[in-house]
Amino acid sequence: MSSASSSPQSTTPTHRHHHFGTNMLERALSSRRGTLFADDDESSASAANADESKTKKNNNILFRATNRASNYISRLLGTTASASSSSSTSYWLCAAVFLLLVVFAASSLLFNSRGFVCISSYNPVSRAGFFGLDGLASDFGTLGVPWCRSKLGKTVEWTSKDLLRALEEFVPIYETRPIKNNMYGMGFDHSFGLWFMTRWLQPELMIESGAFKGHSTWVLRQAMPDRPIISLSPRHPEKYLKKGPAYVDGNCTYYAGKDFVDFGSVDWPKVMKKHGITDLSRVLIFFDDHQNELKRVEQALKAGFRHLVFEDNYDTGTGDHYSLRQICDQAYISGGGHSCFKDSDEARVRSRRKKFWEKAVDIEELCGPDEAWWGVRGYMRDNFNHSNKPISYEQHFQNSRYIESILDVYWELPPVAGPSLTHQTRYDPARVSSPIVEDGRYGLFQRLGLSKFDNSVFNGYTQMVYLQISK
Ligand SMILES: C[S@@+](CC[C@H](N)C(=O)[O-])C[C@H]1O[C@@H](n2cnc3c(N)ncnc32)[C@H](O)[C@@H]1O
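Within every chain, residues take consecutive numbers counted from 1 along the sequence as written. For a predicted model such as this one, the threshold for reporting local features is a pLDDT of at least 70, and the threshold for listing and counting side-chain atom pairs is 80 or more; totals across whole chains, interfaces and linings nevertheless cover every residue.

Under an unreviewed UniProt entry, the name given to the chain is DNA-directed RNA polymerase subunit beta, and the organism recorded is Arachis hypogaea.

Caption draft 1: Fine view of the site of the ligand. The rule is simple: place the C-beta atom from the backbone, and if it lies within 6 Å of a molecule or strand, the residue is near it. Surrounding the ligand, one finds 20 residues, the nearest of these being Gly185, Gly210, Phe212, His215 and Ser216. Charged means Asp, Glu, Lys or Arg here, nonpolar means Ala, Val, Leu, Ile, Met, Phe, Trp, Tyr, Cys or Pro, and polar covers whatever is left, Gly included. In the shell around the ligand, the residues fall into six nonpolar, nine polar and five charged.

Caption draft 2: Just the environment of Glu438, in detail. Along the polypeptide, Glu438 turns up in the loop between helix H15 (419–422) and helix H16 (442–447). Looking at Glu438, the number of C-beta atoms within 10 Å reads 17, which means it is partly exposed. Separated by 18 residues in the primary sequence, Glu438 and Ser420 place their C-alpha atoms 9.0 Å from one another. Segments assigned H or I by DSSP are reported as helices when at least four residues long, segments assigned E as strands when at least two residues long, and all are numbered from the N terminus. Each residue is classed by its C-beta neighbour count within 10 Å, where at least 20 other C-beta atoms makes it buried, 12 or fewer makes it exposed, and intermediate counts make it partly exposed; the C-beta atoms are placed from backbone geometry.

Caption draft 3: Structural context of the sheet that holds strand E4 (residues 283–287). Any two strands with at least two DSSP bridges between them are considered paired. The mixed open sheet is built from seven strands, whose spatial order is E3-E2-E1-E4-E5-E9-E8. This sheet does not close on itself; its edge strands, each paired only once, are strand E3 (252–256) and strand E8 (407–412). Strand-to-strand twist of the sheet, defined as the mean angle between neighbouring strand axes without regard to direction, takes the value 15 degrees. Taken together, the five bridges between strand E1 (residues 205–209) and E4 define a ladder with parallel strand orientation. If you follow Ser209 over to E4, its bridge partner there is Phe287. Each axis is a line fitted through C-alpha atoms, taken for helices only over the stretch in contact, and angles between the N-to-C directions span 0 to 180 degrees.

Caption draft 4: The nonpolar core, seen in detail. Each nonpolar core consists of buried Ala, Val, Leu, Ile, Met, Phe, Trp, Tyr and Cys residues. Their C-beta atoms, within 7 Å, join them into a set. Membership of the largest hydrophobic core comes to 90 residues, with the highest contact counts inside it found for Ile285, Leu308, Val309 and Leu467. The dominant element in this core, judged by the number of residues it contributes, is helix H7 (residues 188–201), at eight residues. Contact between two residues is assigned whenever their backbone-derived C-beta positions fall within 7 Å. In contact with Val309, other than residues within four places in its own chain, are Leu194, Met197, Leu284, Phe286, Met464 and Tyr466.

Caption draft 5: Looking closely at unusual backbone geometry. Within the chain, Glu371 stands out as a residue other than glycine whose phi angle is a positive 55 degrees. Inspection of the secondary structure assignment puts Glu371 in the loop between helix H13 (363–366) and strand E6 (379–382). One non-glycine residue, His423, lies in the positive phi region at around 60 degrees. The residue His423 is located in the loop between H15 and H16 in this model.

Caption draft 6: The arrangement of the packing of helix H6 (residues 160–175) against H7 in detail. Running from N to C, H6 and H7 point in directions that differ by 110 degrees, and their axes come no closer than 10 Å. As far as their axial angle goes, H7 and H6 are roughly perpendicular. Remark: the crossing between H6 and H7 carries right-handed chirality. Across the interface between the two elements, Leu163, Ala166, Leu167, Phe170 and Tyr174 of H6 pack against Phe188, Ser191, Phe192, Trp195 and Phe196 of H7. Looking at the contact of H6 with H7, its residues break down into nine nonpolar, one polar and no charged. Angle categories: roughly parallel below 35 degrees, roughly antiparallel above 145, roughly perpendicular from 65 to 115, and oblique for all the rest. The sense of a crossing depends on the near helix, which, turned anticlockwise from the far helix by less than a right angle, makes the crossing left-handed and, turned clockwise, makes it right-handed.

Put into structure tokens, the structure is as follows:
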């Protein structure tokens, strides 16, 4: 499936409930768009001009500094220029020494400053040495990014421009989050993704499975201030209030604590009737419960739901449950299917990348007994990996055919910004699509307000995915 940006028709959503509060958003953004999105096209020309004048200015500074250094060294040597020829020799000597010092200072800044080039704190070796200084952008998707094929090749309505605009609106909202440290829960990327998709889809009812302290409930509430939420979680978020910040929503029905019921065991027709829902395509389900996603898709389809978001869409060889990304990692998909051959190009690339990205897997980790690479080393994990069972390649293959047969749309949220901007060190960009704010666009990153967040909020990206399903 092509990414959102490849669907030009999608700029004007036509579906009744697929608007986005467009007018309001337009008004809010129009005054700021001029400056925010100005660092391409025309403004890159003015930026180039600015650069040119900067170079000229620097030349002047360099000339003056060289002159001063020359005079200073001459004075030190006691050769205060009386004869023009000796003065000229000493000038060129000093100029050469000074230039050498400048080159040395510049190169040490280039290779040692973490803020200047992306050097993963995961491994102190400079990535630049391996991947080249301009290699960051091209890292994205280098190993391939498998996607689930939808029945008719349909894609989402939103574009990368919509994402960029919404990002500007979401930053101040995220700043007001009640749970500042949401370790084990969603970080910035997925909070934005969930908020964005919920706002776009405008559901009448939101259901979440896996609430933890309630951060995702809060995100859903920011997207839809007046619509009801149903939250399923073994432990009630209010329990966390004793120890610190948590979020409990006033318009949410909790199936939690002693009232907990697993998503697959809820009497959905009864619950929908109670909430006055007659059209199940107006309901959005958000899963962050670390259950086998194949199982969840089957349960959702059986109940008649159509719009699903999965928070943790783990890549092959990683994670604690069987995910859509894993299911669709098949040899017939670009970037999909792997070989356990230790002398392959893929093995070499993987072992290099492992040095830089915590979540990258090399071929040894990827492959289990009998060269099983699918799922996690040939296992289908479930329930936070409390349950796992081996599956054959044939079963794995059949699972992807099943998903394709019921899939209308598959869309993975891109990371919000490239790793040289966020300094994230966990996910490997080689297995993800290009970020919304690409590497090198620090000006935009800063103008969006993203630079004020702690790096840790960008570390949790795991390919959040939106699915639209039907029989
Ligand atoms: C990763 S946390 C959720 C984080 C939360 N969505 C957030 O963004 O902050 C996973 C949650 O799933 C809950 N959980 C475990 N088994 C579950 C199940 N069968 N159904 C629903 N939730 C479950 C856990 O108790 C935990 O609160």
